[in-house]
Amino acid sequence: MRGLRWRVLALVVAVTACERPTSQQARTGFAARPELLEFGPAAVGRTKSMKLRLANQGRASYRVEGARSSLPNVSVPAFEPFTLTAGAEHELEVRFSPDVEGAVQGQLELFTDASGGAATQVPVSGRGVKALVEVPEAALDFGNVNLGLVEMREVTVRNPSDVESPLVLSVEGSDKDEFSAGAGLPSTLAPHETRKVPVAFSPVRLGNAEAELHVAVCDGCEPATVRLTGMGVAGALEVTPLRVDFGRVAVGATAEERITVRNLGSEPLSYKGASLLEDPSGVFKVVSAPALPNDVLAPGAVVELRVAFTPTVAGRVRDGRVEVSVRKPRTTSPGPKVTLTGEGGASCVEVTPSHLDFGPVAFGMTATREVTVNNHCREETTVTGLHLTTQAGGYFTLAQPPSSQPVAPGGTLKVGITFSPRAGVGSASSGQLAVTSTQRTSSATDGVTLSGEGRTFAPCEYALPSVLDFGQVPVGSEVALGVTLRNTGTQACFLAGLQLASGSDPAFRAATVANSVLEPGKKATLLVRFRPPAEGEYQGLAEGWVSHPTRGHPLVNLVGRGVQGCFSVQPTTVDFGISRLACGPRTRDFIAYNDCPGEVRVTAMKLEQPGQEFAVSGALPAAIPAGGRVTLTAKYAPVEEGEDAATVRFTLKDGAVYSAGLVGRGLAKTDQTDRFVQQSESRVDVLFVVDNSGSMMEEQQSLGENFAAFLSQATAAQVDYRIGVTTTGLDPSPGGWSECPGGALGGENGRLFPVDGSSPRIITPETPNAAGVFATNTHVGVCHWNEQGLDAAYRALSDPLLYDLDDPRTPQANDGNGGFLREDAKLAIIVLSDEEDFSTQPVSFYETYLLALKGNDPTKVSFNAVVGPDDLSTCTTSSSSGTRYMELARKLNGVVDSICTPNWAASLEKLSESAFGPNRAFPLSELPEDPGAIAVRVDGLPVTDGWSYDARANAVVFDRLRAPAPGSVVEVTYPLGCP
């Protein structure tokens, strides 16, 4: 009876309905959207919901009677049967509630009287994961931001669990260099902690910028993605294109392109041509940049620049940049940058690899590899010639006809090459593949060198099962099992490949295992995945080729059965991923479900594997009551590199056998090497933030008197510096016993001191009497009471002060900070205060902003703090510890010293080294398992002393006098830990 088929069983939702006369049944029109319910990752123990929209696209009404899921952890809330008239729609809620980690697949059946009452299936998939972090925001729009400035936003992250969770952030996408997030935040979230993550947008190019903030939310699942958008603008200025791609140009030839600059506004712009800002390969040139009368680009005016590319070697060159010197009058903001890119070569068609090595191949057998033709041209190209030449040894042949084949722009063409050793010729074989491509009337030929070796192998002794039986698998679910061929002999064995044979049922799929030499005892595994789309029997065949005169073509039959049952195992495939051999075993849980109306007895649970890598434990065999479940644990401990697979078989009392797959991959890598190139600091901008409260008079005087000590490192290294001073005061002092000089009454609000211009506000190597000017500029007065040094630094280096010569918010003239910060200079900030910072934002906000200001390059920013120490008993004149300043200094590679320093000259020498000296801290990309095993080499020579490992920063830090010289190559090698 159809009515019985629709009754509710455990998690299956169904509703009994009466038969309807055939004449009243809808013939067509049923539709479900989406066609595939992909839940993706979902937290274990939580429920994730999706909407399934049912529609009637026919002309006759039909009735929806019920729904049933083949998965125990996917359900449809109970609903009353309903009728859909022609054109009507109705939504059903579908819920996924994973109980265990792992992927699940199945299907949802919908029972209607459409098309004769047959059930309609909707495939369902999902993955159970352990939740770590929640991210409510989906997008951040920074709006229009002027080039060179920084705009800030925030993203909320929450830890919903009862345990500490890691916080892993990354910015991805084509414009990721213009965004940054979460600098300096702790790497973990406490249980149930909610935190605001600062995100910065610092455009370096005109036009739209897009990237994504990725937040790891759970182990093994897709990260939460926050879309980041912004627009880099330069007022009413249009520069096109912002990226000039010359394509592939023949070596020695010159190609030219145009850059157009338009003033779309109503105000004139200052224009002084263009200059080549970066050209690391020495191949780009500004051919022409016309001069304009009075250096003015009038409203509506257009100027055209020409740039050229002359490659000197084949291959892609490092990008160059042209700066167009156009800006608003009376500002020093950088001009727009145009990226230049190109590639040297005979054509814009690239053939990879340039050398194809087949390695050893057994006599009498063949090996096939692929060459890829990549069309980097701006239009379609045609591969008109494929010519193979064997120069020595065996035979190289094409695996397909050498016919002409078109390749679309950005497309690829695969060319198969087969190597057959010549019988009895054991020396190395060599050959050449010539690929000729034609575009319009020009053509070019690229070559690939070929090599291989014929070798005699003893008859391959191997172990291989004749049948791989997947047993019963729920319809829509996927089980991965392995066909493992192991060399059981005492000599090396040649494997020409393992693959799924043509003609196998589409329910089976596998990626081909390439040819290789199997040493005695070694194995190769073909992972075969079986996913039955409907009930019934399925068959396939796996095949391989080995060096053996009579058993050289081993075959393995593949069998499996798709079923609709109330017993299941989830996930059907337990995937351990990659495990390093040096690490301990990894464990995963999986669950056996009984969603039947009565007891199910599991009479046997058996683990089948070709080795000893896997183990399974749990309370089976046993009887599972109706609605019950049994949690099982799988363990994986790889012993060699490569794929591993095993099968867990569950035999029920009625003889039915269900299978679950265990898969993993062993990896032998245990060490990591990070490589750095020491940069020279020829240009440095230094911002002093000086406390102007009532207790700072002596410290200001000592600072001014020791200017020579501060400049010691800069003088020795001939650094081009700019030095400015601001105060910790944001608002003017209300007055009282003392007034502050400089024209702002102590409320500089980030403006360089003195605001009234009574002394030069920016000190350079050309400043007359620089020491006297510095002494004047650091005597900022003692009138204020609210120290906000971090906010003061932020405001000094942000809009509108950063590039404007005048602050538009104030009555004072020329009180902007334009001309202080240079795009290509290192930035050093030095705070002097005897009080804690009372700024408005968390420390992580300022770290994110300062790093973004310098392209997120930590070697280009340092923050230094001469403040009240942690132990105030050593500094009785300080009213509190400068903990926020010290925190930021430790995060941004700076010096921390006491405001009560007895030797100001020595302290300023340390600050000079931090500001002007070479980089001493080199952050590691991974966490070392044993810091004591770290090895450091500079220019290839081992360095055993003069450096230490800073666990807090995860960095190798050189001693003050042992920093590598500019241009040195620093290599740090260390053992990797285990997850």
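Cut-offs applied
Residues numbered from 1 in each chain as written. Predicted model: local features only at pLDDT ≥ 70, side-chain atom pairs only at ≥ 80, totals over all residues. Heavy atoms only, no water. Helix = DSSP H or I, 4+ residues; strand = E, 2+ residues; numbered from the N terminus. Buried < 20%, exposed > 50% of the residue type's maximum accessible area, 1.4 Å probe, protein only. Contact = heavy atoms within 4.5 Å. Pairing = 2+ DSSP bridges. Core = buried A, V, L, I, M, F, W, Y, C linked by side-chain atoms within 4.5 Å. Phe/Tyr/Trp six-rings, centres within 6.5 Å; stacked < 30°, edge-to-face > 60°. Lys NZ or Arg CZ within 6 Å of the ring centre and 35° of its normal. Salt bridge = Lys/Arg side-chain N within 4 Å of Asp/Glu carboxyl O. Axes fitted to C-alpha atoms, helices over the stretch in contact; angles between N-to-C directions. Left-handed = near helix turned anticlockwise from the far one by under 90°. Nonpolar A, V, L, I, M, F, W, Y, C, P; charged D, E, K, R; others polar. Lys, Arg positive; Asp, Glu negative; His and termini not counted. Disulfide = S-S within 2.5 Å. pLDDT = per-residue confidence, 0-100.

Honestly, the overall build of the chain in this entry has me stumped. Any pointers?
Broken down by element type, the chain carries nine helices and 67 strands. Across its three principal axes, the chain shows a C-alpha extent of roughly 95 × 75 × 65 Å. For the chain, with 979 residues in total, the buried portion stands at 51%. Across the chain, the fraction of contacts at a sequence separation of at least 24, relative to all contacts at a separation of at least 6, is 73%.

Where do I start with the pairing of strand β4 (residues 62-69) in this structure?
Along any regular strand the residues' side chains alternate between the sheet's two faces. Of all the eight residues making up β4, six are buried; the element is thus mostly covered by neighbouring parts of the structure. Both β4 and strand β8 (residues 102-112) contribute to a ladder of five bridges, which runs antiparallel. Bridged to V64 within β8 is T112.

I would appreciate a short explanation of the nonpolar core in the present structure.
Note that soluble globular proteins tend to have their nonpolar side chains buried in a common cluster. Judged by nonpolar contacts, the single largest core of 65 residues is most densely connected at L213, L228, L687, L797, I829, L850 and F863. The element that contributes the greatest number of residues to this core is helix α7 (residues 843-853), accounting for eight residues. The residues contacting I829, other than those within four sequence positions of it, are L687, V689, A793, L797, L850, S862, F863 and N864. Counting residues in hydrophobic clusters, the runner-up holds 33 residues, among them L703, F707, A709 and V780.

Just to check I follow, could you spell out the packing of aromatic side chains for this structure?
The geometry of an aromatic ring pair is captured by the separation of the ring centres together with the interplanar angle, meaning the angle of the planes. Within the structure shown, the criterion is met by 27 aromatic pairs. The interplanar angle of 25° and the centroid separation of 5.2 Å between the aromatic rings of F284 and F309 together place this pair among those described as stacked. You can see F284 sitting in strand β23 (residues 284-288) and its partner F309 sitting in strand β25 (residues 302-309), a full 25 residues away along the chain. Assigned by exposure class, F284 and F309 land together as buried. Through pairs of rings, three or more aromatic residues link up here, namely F470, F508, F530 and Y538. Positioned above the aromatic ring of Y462 is the side chain of R551, whose terminal nitrogen or guanidinium carbon lies 4.2 Å from the ring centre.

I keep staring at the pattern of salt bridges and nothing clicks. Help me out?
Note that side chains of opposite charge can pair when their charged atoms are close. Evaluation of the coordinates by the stated rule reveals 34 salt bridges. For E640, the salt bridge is made with K523, and the minimal N-O distance between the two is 3.6 Å. One end of the pair, E640, is in the loop between β53 (629-636) and β54 (642-652); the other, K523, is in strand β44 (residues 523-530), with 117 residues separating them in the sequence. Side by side, E640 and K523 carry an identical accessibility label, which is buried. With its nearest N and O atoms 3.0 Å apart, the salt bridge here joins E887 to K891. Within this pair, E887 and its partner K891 are both found in helix α8 (residues 883-891), separated by four residues, close to a single helical turn. Each of R486, K522, K523, E640 and D644 takes part in one network of salt bridges that share partners.

Which parts of the structure should I look at to understand the packing of α7 against α8?
The angle between the axes and the distance between the axes are what describe a pair of packed helices. Contact geometry of α7 with α8 gives a least axis separation of 10 Å together with a crossing angle of 40°. Judged by the sense of rotation from one axis to the other, the crossing of α7 with α8 is right-handed. Counting all contacts with α7, which are made through V843, Y846, E847 and L850, the residues of α8 involved are R884, E887, L888 and K891. Class assignment for the residues of the contact of α7 with α8 results in four nonpolar, no polar and four charged.

Can you walk me through the side chain of E613 in this structure?
Mapping E613 onto the fold places it in the loop between β50 (600-608) and β51 (614-618). We note that E613 is buried and unpaired, the nearest opposite charge coming from K523 at a distance of 4.1 Å. If sequence neighbours within four positions are ignored, E613 has contacts with K523, K635, Y636, A637, P638, V639 and D644.

Is there a simple way to think about the sheet that holds strand β65 (residues 947-950) in this case?
Sheet strands associate in pairs through backbone hydrogen bonding, adopting either a parallel or an antiparallel arrangement. Read across the sheet, three strands follow the order β62-β66-β65 without closing on themselves; strand pairing throughout is antiparallel. Edge strands, defined here as strands with exactly one partner in the open sheet, are β62 (921-923) and β65. Taken over all neighbouring pairs, the strand axes of this sheet differ in orientation by 20° on average, direction set aside. Relative to strand β66 (residues 955-958), β62 is paired through three bridges, and the arrangement is antiparallel. The residue bridging F922 from the neighbouring strand is V956, located in β66.

Which parts of the structure should I look at to understand unusual backbone geometry?
Of all residues except glycine, most have a negative phi; of all peptide bonds, most are trans. Cis geometry is found at the peptide bond from T240 to P241, where omega equals -10°. For P241, the location among the structural elements is in the loop between β19 (237-240) and β20 (243-249). A cis amide bond links D799 with the next residue in sequence, P800, at an omega value of 10°. Here P800 lies in the loop between α6 (789-796) and β59 (826-832). Although it is not a glycine, N294 sits at a positive phi angle of roughly 60°. Inspection of the secondary structure assignment puts N294 in the loop between β23 and β24 (296-297). Residue class for N294 comes out exposed when judged on its relative accessible area of 72%. The backbone of N814 sits at a positive phi, close to 55°, despite the residue not being glycine. Here N814 lies in the loop between α6 and β59. Accessibility expressed as a relative area gives 44% for N814, which makes it partly exposed.

What should I look at first to understand the state of the cysteines in this one?
By definition, a disulfide is the covalent link that joins the sulfur atoms of two cysteine residues. In total, this model carries four disulfides according to the counting rule given. The side chain of C566 participates in a disulfide bridge whose partner is C596; the two sulfur atoms lie 1.8 Å from each other. The sign of the S-S torsion, about 90°, decides the handedness of the disulfide formed by C566 and C596: right-handed. Taken together, the positions of C566 in the loop between β46 (555-563) and β47 (567-570) and C596 in the loop between β49 (586-594) and β50 put the pair 30 residues apart, joining distant regions of the chain. C566 sits in the partly exposed class, given a relative accessible area of 31%. The disulfide partner of C740 is C783, and the S-S distance across this bridge is 2.0 Å. Its S-S torsion of approximately -110° makes the covalent link between C740 and C783 left-handed. Of this pair, C740 sits in the loop between β58 (720-727) and α5 (770-778) while C783 sits in the loop between α5 and α6, and the two are 43 residues apart along the sequence. C783 shares its class with C740; the two are buried.

Would you mind going over the confidence of the model for the chain with me for this structure?
The predicted coordinates of low-pLDDT regions are not to be read in fine detail. Mean pLDDT over the chain: 86, with 92% of residues reaching 70 or higher. For the stretch residues 1-27, pLDDT sits under 50, and the model shows 57 contacts to residues farther than four places along the chain or on other chains.

Even after reading the chapter, I still don't get the environment of S420, so can you show me in this structure?
Note that S420 resides in strand β35 (residues 412-420). Through-space distance from the C-alpha of S420 to that of G394 is 5.8 Å; in sequence the pair is 26 residues apart. Each residue touching S420, except ones within four places of it in the same chain, is listed here: M365, T366, G394 and Y395.

Before we go on, may I ask you to explain the pairing of β25 in this structure?
Here eight bridges tie strand β21 (residues 255-263) to β25, and the two strands are oriented antiparallel to one another. By the bridge assignment for β25, I259 is matched with L305. For β23 and β25, the ladder comprises four bridges, and the chain directions are antiparallel. Paired with K285 across the bridge in β25 is A308.

For this particular structure, what's the right way to read the side chain of D113?
The residue D113 is located in the loop between β8 and β9 (120-129) in this model. D113 gets classed as buried once you look at its relative accessible area, which sits at 3%.

Help me out: how do you make sense of the sheet that holds strand β31 (residues 367-375) in this one?
The four strands lie next to each other as β29-β31-β35-β33, forming an open sheet whose pairing is antiparallel. The open sheet has two edge strands with one neighbour each: β29 (349-352) and β33 (395-398). Pairs of neighbouring strands in the sheet enclose a mean axial angle of 25°, with direction left out of account. Direction of pairing for β31 relative to β35: antiparallel, over a ladder of eight bridges. Considered in β35, the bridge of A367 is made with F419.

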